[in-house]
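Residue-level listing of the chains:
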Amino acid sequence: MFGYINVNGSQLSEENKAVYQSYYCGLCRRLKEFCGKKGQVLLNYDMTFLVVLLTGLYEPETTCDEFTCMIHPMKKRTERDNEIEEYAAQMNVLLAYFNLIDDWKDDRDYTKKTIASLFEKDYLRVKENYPRQTAAVEHYIEKLSEYEREKQSNIDLAAGVTGEMLGEIFAWKQDEWYDELKTLGFYLGKFIYLMDAYEDFGKDEKKDSYNPLRYLKVEDEKEFETLCRLMMTSMMSECAKSFERLPILLHADILRNILYSGVWSKYEYIQLKKKKRKKT
């Protein structure tokens, strides 16, 4: 599920790249604070987007500090820190924990099961701090497992549970922005589900594993590709509409870069791989 919400670095100014990286570093350090060094292996750009989005909307008091990174010790790094970083770190742990559990159930990968057990106590702390968000993720895992067992062919239904879950994650507070943030997260979640299914389509077909895209009634590969692109574009269109309704000025350029371009980076990468395979 992770790895689809990133910036398009080629279309981002150096200044905005530095700002974005500072939030990424801040999230890394909050993960370490929350669950130790092991938490830093969970770091991803998806939750960095959430930090930038909520910071842009709520504009909380944010500090900016330099520090020495053990991975990049030759040059001082900059981190931005605020209360949203702490929230995103806990959501990062929550999602990663269930992602590991889901991988264990799907593939019986004992490595994933062992790693998940290392984060069980941290997950329980997140559950205590954020019961609404945790309940949404637990429901998502339950429904997704149900759909996989019954081989649910309704793509909208299957993608919808991811949307509902991410909507609750994006809705940090139950305030005046709750509904709009939930809507934004809902359509982004559906896009992520579709993109993940699209990326795994070939692998799932070979393994005869569940993938709702396998039930599409299409005439040929070209029609399949067109339909997949249309579905994902539709989801991002609704997501972008929701974003534009939010009164965000701070970091708006970074957020638009991600929503209008960055989220398509994996899709473009998949297309390049397909072209290379056809040439060989």
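Residues numbered from 1 in each chain as written. Predicted model: local features only at pLDDT ≥ 70, side-chain atom pairs only at ≥ 80, totals over all residues. Heavy atoms only, no water.

(A) Just the nonpolar core, in detail. Ile 169, Leu 188, Phe 191 and Leu 213 are the most contacted members of the largest nonpolar core, which has 89 residues in total. Tallying contributions element by element places helix α3 (residues 83-107) first for this core, with 13 residues. When near neighbours in sequence (up to four residues on either side) are disregarded, Leu 213 contacts Ile 155, Leu 194, Ala 197, Tyr 198, Phe 201, Phe 224, Cys 228 and Met 231. (Core = buried A, V, L, I, M, F, W, Y, C linked by side-chain atoms within 4.5 Å. Buried < 20%, exposed > 50% of the residue type's maximum accessible area, 1.4 Å probe, protein only. Helix = DSSP H or I, 4+ residues; strand = E, 2+ residues; numbered from the N terminus. Contact = heavy atoms within 4.5 Å.)

(B) View of the pattern of salt bridges. Within this structure, the stated rule accounts for 20 salt bridges. Put simply, Lys 38 and Asp 122 hold a salt bridge, and the shortest N to O gap is 3.1 Å. Highlighted residues: Lys 38 in the loop between α1 (14-35) and α2 (45-58) and Asp 122 in helix α5 (residues 120-129), separated in sequence by 84 residues. Under the relative-accessibility criterion, Lys 38 is labelled partly exposed at 30%. In this structure, Glu 180 engages Arg 245 in a salt bridge whose closest nitrogen and oxygen atoms are separated by 3.0 Å. Taken together, the residues span a long stretch of sequence, with Glu 180 in helix α8 (residues 178-207) and Arg 245 in helix α9 (residues 221-245) at a distance of 65 residues. Look at Glu 180 and you get buried, because its relative accessible area is 18%. Salt bridges linked by common partners bring Arg 29, Arg 30, Glu 33, Glu 79 and Asp 81 together as one network. (Salt bridge = Lys/Arg side-chain N within 4 Å of Asp/Glu carboxyl O.)

(C) Structural context of the confidence of the model for the protein chain. Confidence along the protein chain averages 92 in pLDDT terms, with 99% of residues attaining 70 or more. Mean pLDDT per element in the protein chain: helix α4 (residues 110-118) is the minimum at 82, and helix α10 (residues 252-260) is the maximum at 98. (pLDDT = per-residue confidence, 0-100.)

(D) Seen up close, the packing of α9 against α10. Between α9 and α10, the shortest axis-to-axis distance is 10 Å and the interhelical angle comes to 165°. The pairing of α9 with α10 is recorded here as roughly antiparallel in orientation. Between α9 and α10 the crossing geometry is left-handed. Contact residues: Met 236, Cys 239, Ala 240, Phe 243 and Glu 244 in α9; Ala 252, Leu 255, Arg 256, Leu 259 and Tyr 260 in α10. (Axes fitted to C-alpha atoms, helices over the stretch in contact; angles between N-to-C directions. Parallel < 35°, antiparallel > 145°, perpendicular 65-115°, else oblique. Left-handed = near helix turned anticlockwise from the far one by under 90°.)

(E) Here's a closer look at the environment of Ala 197. As for its placement among the helices and strands, Ala 197 is situated in helix α8. Ala 197 sits 13 residues away from Tyr 210 along the chain, and the two C-alpha atoms are 9.4 Å apart. With residues near it in sequence (within four places) discarded, Ala 197 still touches Asn 211 and Leu 213.

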